[in-house]
Amino acid sequence: MSSIYYFKHHTSHWTKSLKQDAVSSKGSKPLKVAIAIEMHYPYPWHLDMSQGIMQYGEEHGWICIIDPYLLSLSDSKESGFDGVIGRINQQIGKALEGHDLPAVNVMGSNFVTYLEHIPSLKLDLAEGIRKMVEHLIASGYRRLGYIGIERLAGHEKKLAFLAELLATHELPPAEGILLTDDFDLKRETTLEVRTQLKRWLNAMEKPIGLLVQDSTIPSLLIPLCKELGLRVPEDVGIVGMNTAEAISLASSPTLSYIGSDYFQHGYQAAAMLDKLMAGQELHPKHRLFPPDQVVVRESSDVFLCDDPLVSDAMRYIAGRIRQNPSVDDVADELGVSRRKLERHFSEAIGRTIQTEIK
């Protein structure tokens, strides 16, 4: 089943189910909903997600108020809200204390949980990482690395999950490095991180495929690779996590990333809140929103192999992997015998073509 079909089939079914369960406020007093999303940080996962929430609210007659830090709430007065939805961390959760308000959290992932008692629709980052790893392996990388930001939680769990994924491919665990969280704000800190990252890159065996957590990292990483004489993607392949098309195209080379429909994420989270405001319970209480496929750009658009026949075969396999091509299919496409194709794979990469297809 293709990732696109999986997304459309499962999300449309889920949205339909939520809509059937949710109680519309049309014909009654409009519901007032606080959206706790930092719109002054114009990331796509902020803007698109809030638009999805507001679209659902418009369809159901809500009054939506952008209040990133829930400043409207205080112990001395009624909140005036019927529900809250957004990026609810510990600080925002504290502001909710003392207010019996239905709330849905869109912050977090499989690896990070904020405020267990608040229902959530978190990103299925494990599935996103799986897709990124599969893409990098299909591109020919046999050694992977992970670059994260210190202030963001869940690194140990992500690295452990990465190790499990790579073990299934008989590959070594990913090398990880964490950067200071304000490296892009202070010159002194950025210089320190640059030295740290330079030392780390020099020590890595190449070629290496990197999973990069934050969209600010490539702006430092890619120029540093050029300075060290490392080619992107031939020596260092890069795929971003918290990235979007505009950020990708602003990079040189352009940046590959795992895509996500943040509008739908917000829309479906709003449908969950609608149920809660109608007095219904959510089962399950915590849910995962599936990512899209890897959007391949220049930073990882490569297949690493000195044998052109093997390279052509791997590109063919990668492009049709959901159709489960056979060895004979590949041989026919390339106009060579099966025996010749198998011999080239064995000599070039030390594995059979059947193993690569699996």
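About the thresholds
- Residues numbered from 1 in each chain as written.
- Predicted model: local features only at pLDDT ≥ 70, side-chain atom pairs only at ≥ 80, totals over all residues.
- Heavy atoms only, no water.
- Salt bridge = Lys/Arg side-chain N within 4 Å of Asp/Glu carboxyl O.
- Helix = DSSP H or I, 4+ residues; strand = E, 2+ residues; numbered from the N terminus.
- Buried < 20%, exposed > 50% of the residue type's maximum accessible area, 1.4 Å probe, protein only.
- Pairing = 2+ DSSP bridges.
- Patch = residues over 30% accessible without salt bridge, like charges linked within 9 Å, V, L, I, M, F, W, Y side chains within 5 Å.
- Areas by Shrake-Rupley, 256 points an atom, 1.4 Å probe, with all protein chains shown as cover.
- Arc of directions from axis to C-beta.
- Core = buried A, V, L, I, M, F, W, Y, C linked by side-chain atoms within 4.5 Å.
- Contact = heavy atoms within 4.5 Å.
- Axes fitted to C-alpha atoms, helices over the stretch in contact; angles between N-to-C directions.
- Parallel < 35°, antiparallel > 145°, perpendicular 65-115°, else oblique.
- Left-handed = near helix turned anticlockwise from the far one by under 90°.
- Nonpolar A, V, L, I, M, F, W, Y, C, P; charged D, E, K, R; others polar.
- Phe/Tyr/Trp six-rings, centres within 6.5 Å; stacked < 30°, edge-to-face > 60°.
- Lys NZ or Arg CZ within 6 Å of the ring centre and 35° of its normal.

Enquirer: Would you mind showing me how to read the pattern of salt bridges here?
Expert: Where side chains of opposite charge bring their charged atoms close, a pairing between them can arise. The tally for this structure, following the rule as stated, stands at ten salt bridges. The salt bridge involving Glu 127 is made with Arg 130; its shortest N-O contact spans 3.5 Å. Of this pair, Glu 127 and Arg 130 both sit in helix α4 (residues 125-138), three residues apart, roughly one helical turn. Using a relative accessible area of 26% as the deciding quantity, one classes Glu 127 as partly exposed. A single network of salt bridges, built from pairs that share partners, joins Glu 127, Arg 130 and Lys 131.

Enquirer: Would you mind showing me how to read the sheet that holds strand β8 (residues 208-214) here?
Expert: Consider a sheet: its strands pair through backbone hydrogen bonds, and that pairing is either parallel or antiparallel. Strands sit in the order β7-β6-β8-β9-β10-β12 across an open sheet of six strands; the sheet is mixed. What marks the edges here is a single partner per strand, and that holds for β7 (175-179) and β12 (294-295). Where β8 meets strand β9 (residues 236-242), six bridges bridge the pair, whose relative direction is parallel. Considered in β9, the bridge of Ile 208 is made with Val 236.

Enquirer: For this particular structure, what's the right way to read a nonpolar patch on the surface?
Expert: A cluster of nonpolar residues, Tyr 41, Tyr 43, Tyr 69 and Leu 71, forms a patch on the protein surface that exposes about 440 Å² of accessible area. Checked against the element boundaries, Leu 71 lands in the loop between β2 (63-66) and β3 (83-86).

Enquirer: Could you clarify how one ought to interpret helix α11 (residues 327-334) in this entry?
Expert: Since one α-helical turn is 3.6 residues long, residues separated by three or four positions face the same way. Residues Val 327, Val 330 and Ala 331 constitute the buried set of α11. On an axial view of α11, the arc spanned by its buried residues comes to 100°, and they lie on one face. Residue Gly 335 follows α11 closely and has a positive phi angle near 70°.

Enquirer: Looking at this model, I keep getting lost on the nonpolar core. Mind explaining?
Expert: For soluble globular proteins, the rule of thumb is that nonpolar side chains tend to be buried together. Counting residues in each nonpolar core, the largest one holds 26 residues, and the members touching the most others are Ile 129, Val 133, Leu 144 and Leu 211. In terms of residue count, α4 provides more of this core than any other element does, seven residues in total. Aside from chain neighbours lying at most four places away, what touches Val 133 is Leu 144, Leu 162, Leu 165, Leu 166 and Leu 211. In this structure, Leu 179, Trp 200, Leu 220 and Cys 225 belong to the second largest nonpolar core, which totals 25 residues.

Enquirer: Any chance you could explain the packing of helix α2 (residues 44-59) against helix α9 (residues 262-277) here in plain terms?
Expert: Helix-helix packing is characterised by the crossing angle of the two axes and by the distance between the axes. Relative orientation of the contacting elements α2 and α9 amounts to 45°, with a least axis distance of 7 Å. Taken together, the axis directions place α2 and α9 in an arrangement best described as oblique. Relative to α9, α2 is oriented so that their crossing is right-handed. Residues Pro 44, Trp 45, Asp 48, Met 49, Gln 51, Gly 52, Ile 53, Gln 55, Tyr 56 and Glu 59 of α2 form the contact with α9, whose own contacting residues are Tyr 262, Phe 263, His 265, Gly 266, Tyr 267, Ala 270, Ala 271 and Asp 274. For the contact of α2 with α9, the residue count by class is ten nonpolar, five polar and three charged.

Enquirer: Quick question: what am I supposed to make of the packing of α11 against helix α12 (residues 338-349) here?
Expert: Where α11 contacts α12, the axes come no closer than 9 Å and their chain directions differ by 100°. Classified by the angle between their axes, α11 and α12 sit roughly perpendicular to one another. Of the residues in α12, those touching α11 at Val 327, Asp 328, Val 330, Ala 331 and Leu 334 are Arg 338, Leu 341 and Glu 342.

Enquirer: Explanation requested: the packing of aromatic side chains in the structure shown.
Expert: How two aromatic rings sit relative to each other is given by the distance of their centres and the angle of their planes. Across all of its chains, the model carries seven aromatic pairs by this definition. Ring geometry for Trp 45 against Tyr 262: centres 6.1 Å apart, planes inclined by 55°, an arrangement best described as tilted. With Trp 45 in helix α2 and Tyr 262 in helix α9, this residue pair connects regions lying 217 residues apart in the sequence. For the pair Trp 45 and Tyr 262, a shared accessibility class is recorded, and that class is buried. Taken together, the aromatic side chains of Tyr 41, Tyr 43, Trp 45 and Tyr 262 make up a single cluster linked through ring pairs. Taking the ring centre of Phe 81 as reference, the NZ or CZ of Lys 32 above it sits at 5.3 Å.

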